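# Structural description and commentary
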Number of protein chains: 2
Amino acid sequence: MIAQRDQLNAVGGHADERSVAGTDQRSIPEATVARLAIYLRALVGMGKVGVATVSSGSLATAAGVNSAKLRKDLSYLGSYGIRGVGYDVSLLTDQIHKTLGLHQNRAVALIGLGHLGRALAGYAGFASRGFRISAIVDADPAIVGTRVRGLPVQHVDDLDAIVRTENIAIAVLTVPAGVAQEVCDRLVVAGVTSILNFAPTVLAVPAHVDVRKVDLAAELQILSFHDNRKSARADCEPARSGSSTMAVGP
Amino acid sequence: MIAQRDQLNAVGGHADERSVAGTDQRSIPEATVARLAIYLRALVGMGKVGVATVSSGSLATAAGVNSAKLRKDLSYLGSYGIRGVGYDVSLLTDQIHKTLGLHQNRAVALIGLGHLGRALAGYAGFASRGFRISAIVDADPAIVGTRVRGLPVQHVDDLDAIVRTENIAIAVLTVPAGVAQEVCDRLVVAGVTSILNFAPTVLAVPAHVDVRKVDLAAELQILSFHDNRKSARADCEPARSGSSTMAVGP
DNA sequence: TATTGTGAATTAGTTCACAGCT
DNA sequence: AGCTGTGAACTAATTCACAATA
């Protein structure tokens, strides 16, 4: 039974939460946080289409999880559903938005303007999802000074000043693996505490810095493992007939 | 204590493993599979630099995990270490390589030649990591027929034939969200059972198809959540001094 | 002696199943 | 009647800590 796998992120640190005044955020499990982003996308889509209310069942289907998990996840935010009815799409959207801290419209710096960097620079989803590219940085003198999407490409040597003046919250790293650690160190010194790393390297960072990694090769290898297992399995079984059922939750 | 988080994937199905003749692969936990790819990268790097033997401690540091986890992970592959000494780099590399099914040099199809698709087409890591781009597909008549990296861009309408003749094992989807499900359906009909989805949509697939998703916006939103929590925390605490310790494992 | 391999203990995450509302 | 919210049960993953051993 090899179904669509949900890709959640196991926990790292974050054990020591405290209820903090203002936005109430006591210990939302890491796995739940990762799914909130998915729920948010589904909700925004529904809102655009004019759906006003949604049940845990249909939102769960849209998000590719089962409804018990969805309800448990939402329960960490508080009690925003109406029994017998469902969830108000716009209210729930706002709550998740707030919980993820997206009201802040965080400034993002894009470091490294290779093919991937350019692709990300052109990604329309930044603005619509609560982020704003505020700086683009590279080391190549040939492109420093040119403009990409209205922003001047700045030199990596000026990183410190850029981070401070633009108040960069998140850095997206698309530099070659060989220089990733060095650039990361500069970012950390400049005060960046959240990094999304596309370089195929493990970054060493101080404990207060958060790194997430996107790793194409690793994803393919994980698929390869399961593919391999599937074909090994197929060798011992009668040929599969065409009876395939759509399954999102188990 | 907000440290570098490891990004492992929680399990979906795959509960019903069976020991299969040949490559021995009984029930490796999902979280472990995801890390094997990281260990492999670290090992390959060490091999290139001429390291012959490595202890669980140093490999763990290189991979950004703690050594107990690393040893437990490797123990699922079998017993390839030497007590008091460590692991033979080349032997362990081969074992992980085999476990991940990378000896097969799987054929990958790239579907969608936007900015991201082009960036991925140019990614050198495919070949060196056990994959080979065998087909590039798009729907835009203006680019169908042109060549990218030596490969002709083919039309999405021919997907069925392409998948069969090239024996495509894995499809990498970088098409617009609006058409992702439709293209996915065609892939499934053509017989693809592993999909790496970069489109910001949840794909519905039959149970035997494996989908992994890479989601830029979600990653940023998760970082945003923690960033938000950090700043809320900082409001109630004395300013942090400069004493930052590098922490990879706890 | 140094390091692996692993049962046992712990912690996190998921699912069940039903009480409690609307 | 229908759907949420959630304790309780279960399953997966991590960490501990130490016996085994080259």
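Residues numbered from 1 in each chain as written. Chains lettered and ligands numbered in written order. Predicted model: local features only at pLDDT ≥ 70, side-chain atom pairs only at ≥ 80, totals over all residues. Heavy atoms only, no water.

### Some points on the overall build of chain A
The secondary structure content of chain A amounts to nine helices and 10 strands. Among the 250 residues that make up chain A, the fraction classed as buried is 51%. Partitioning the intrachain contacts of chain A with sequence separation of at least 6 by distance along the chain shows that 56% fall at a separation of at least 24. Here chain A displays about 10,800 Å² of accessible surface, and carbon together with sulfur accounts for 55% of that area. (Helix = DSSP H or I, 4+ residues; strand = E, 2+ residues; numbered from the N terminus. Buried < 20%, exposed > 50% of the residue type's maximum accessible area, 1.4 Å probe, protein only. Contact = heavy atoms within 4.5 Å. Areas by Shrake-Rupley, 256 points an atom, 1.4 Å probe, with all protein chains shown as cover.)

### Describing the pairing of strand E10 (residues 210-213) of chain A
Residues and elements named next belong to chain A. Alternating positions in E10 separate into two faces, Asp210 and Arg212 on one and Val211 and Lys213 on the other, with burial throughout. Here strand E9 (residues 194-197) runs beside E10; their pairing, made up of four bridges, is parallel. In the sheet register, leucine 196 faces E10, and the bridge partner there is arginine 212. (Pairing = 2+ DSSP bridges.)

### Some remarks on the confidence of the model for chain A
Mean pLDDT over chain A works out to 87, with 82% of the residues at or above the 70 mark. Low pLDDT, under 50, characterises residues 239-250 of chain A; the stretch is placed with 15 contacts to residues that sit more than four places away or in other chains. (pLDDT = per-residue confidence, 0-100.)

### Points about unusual backbone geometry
Residues and elements named next belong to chain A. Phi at arginine 149 is positive, roughly 55°, even though this residue is not glycine. As for its placement among the helices and strands, arginine 149 is situated in the loop between strand E6 (147-148) and strand E7 (151-155). Residue classification places arginine 149 among the exposed positions, given a relative accessible area of 64%.

### Thoughts on the environment of serine 231 of chain A
Residue and element names in this part refer to chain A. With respect to the helices, strands and loops of the structure, serine 231 is situated in helix H9 (residues 216-234). Accessibility expressed as a relative area gives 32% for serine 231, which makes it partly exposed. Reaching out from serine 231, the side chain makes a polar contact with the backbone oxygen of asparagine 228 at a distance of 3.1 Å. (Polar contact = N/O pair within 3.5 Å; in protein donor to acceptor, adjacent residues only side chain to side chain.)

### Considerations on the sheet that holds strand E4 (residues 106-111) of chain A
Residues and elements named next belong to chain A. Across the sheet, which stays open at both edges, the seven strands sit in the order E6-E7-E5-E4-E8-E9-E10 with mixed pairing between neighbours. Unpaired on one side and paired on the other, E6 and E10 mark the two borders of the sheet. As judged from the three bridges shared by strand E5 (residues 131-138) and E7, these two strands associate in the parallel manner. Within the sheet, the bridge partner assigned to aspartate 138 lies in E7 and is histidine 155. Helix H8 (residues 177-190) contacts E4, strand E8 (170-173) and E9 of the sheet and is inclined by roughly 170° relative to E8. (Axes fitted to C-alpha atoms, helices over the stretch in contact; angles between N-to-C directions.)

### Digging into the packing of aromatic side chains
All names here are of chain A. Per the counting criterion, the structure on display carries two aromatic pairs over all chains. When the ring of tyrosine 123 is compared with that of phenylalanine 126, the centres are 5.6 Å apart and the planes differ by 70°; the resulting orientation is edge-to-face. Using a relative accessible area of 4% as the deciding quantity, one classes phenylalanine 126 as buried. (Phe/Tyr/Trp six-rings, centres within 6.5 Å; stacked < 30°, edge-to-face > 60°.)

### Section: the pattern of salt bridges
All told, the structure shown has 18 salt bridges over all chains when counted by the stated rule. Aspartate 73 of chain A is the partner of arginine 35 of chain A in a salt bridge, and the nearest nitrogen-oxygen pair spans 2.6 Å. Taken together, the residues arginine 35 of chain A in helix H1 (residues 30-48) and aspartate 73 of chain A in helix H3 (residues 67-75) connect sequence positions 38 residues apart. One salt bridge connects lysine 213 of chain A with aspartate 215 of chain A, and the closest N-O pair in it is separated by 3.6 Å. Exposure remark for lysine 213 of chain A: the relative accessible area of 19% places this residue in the buried category. Relative accessible area serves as the criterion here: at 7%, aspartate 215 of chain A is assigned to the buried category. Within this structure, Arg41 of chain A together with Lys213 and Asp215 of chain B form a network of salt bridges that share partners. (Salt bridge = Lys/Arg side-chain N within 4 Å of Asp/Glu carboxyl O.)

### Some points on the UniProt feature "DNA-binding region" (unreviewed entry) in chain A
As annotated by UniProt and renumbered to match this structure, "DNA-binding region" (unreviewed entry) occupies residues 38-77 of chain A. Between the C-alpha atoms that bound residues 38-77 of chain A the distance is 15 Å, and the span itself is 70% helix and 5% strand. (UniProt positions renumbered as here; feature names shortened; annotations may be inferred.)

### Some details on helix H4 (residues 89-99) of chain A
Residues spaced three or four apart along an α-helix face the same direction, because each turn holds 3.6 residues. Residues and elements named next belong to chain A. Buried residues of H4: Val89, Leu92, Thr93, Gln95, Ile96 and Thr99, and no others. An end-on view of H4 places all buried positions within 165° of arc, on one side of the element. The first or second residue beyond H4 is glycine 101, which carries a positive phi of 75°. (Arc of directions from axis to C-beta.)

### Observations concerning the side chain of arginine 129 of chain B
Looking at the element boundaries, arginine 129 of chain B is found in the loop between helix H6 (125-128) and strand E5 (131-138). No salt bridge is formed by the buried arginine 129 of chain B, whose closest oppositely charged neighbour, aspartate 215 of chain A, lies at an N-O distance of 6.1 Å. The contacts of arginine 129 of chain B, once residues within four sequence positions are left out, are Ala217 and Gln221 of chain A together with Arg41, Leu102 and Tyr123 of chain B. (Lys, Arg positive; Asp, Glu negative; His and termini not counted.)

### Some thoughts on helix H3 (residues 67-75) of chain B
All names here are of chain B. All of the buried residues in H3 are Leu70, Asp73 and Leu74. For H3, the angular spread of the buried residues around the axis is 95°, confining them to a single face. In the core, the buried residues of H3 are packed alongside helix H1 (30-48), helix H2 (56-63), strand E3 (86-88) and helix H4 (89-99). Residue asparagine 66 occupies the N-cap position of H3, its side-chain oxygen lying 3.2 Å from the main-chain nitrogen of alanine 68.

### Focus: the packing of H1 of chain B against H2 of chain B
The angle between the axes and the distance between the axes are what describe a pair of packed helices. All names here are of chain B. As a packed pair, H1 and H2 sit with axes 9 Å apart at the nearest point and diverge in direction by 110°. In this view, H1 runs roughly perpendicular relative to H2, as classed from their interaxial angle. Along the contact surface, H1 presents Ile38, Tyr39, Ala42, Leu43 and Met46, while H2 presents Ser58, Leu59, Ala62 and Ala63. Of the residues contributing to the contact of H1 with H2, the split by class is eight nonpolar, one polar and no charged. (Parallel < 35°, antiparallel > 145°, perpendicular 65-115°, else oblique. Nonpolar A, V, L, I, M, F, W, Y, C, P; charged D, E, K, R; others polar.)

### Here's the deal with the sheet that holds strand E10 (residues 210-213) of chain B
Residue and element names in this part refer to chain B. Taken together, the seven strands give an open sheet; going across it, the order is E6-E7-E5-E4-E8-E9-E10, and neighbouring strands pair in mixed fashion. A single partner strand is all that each edge strand has here, and the edge strands are strand E6 (147-148) and E10. In this fold helix H7 (residues 159-166) packs onto strand E4 (106-111), E5 and strand E7 (151-155), with an angle of close to 165° to the strand it touches most, E5.

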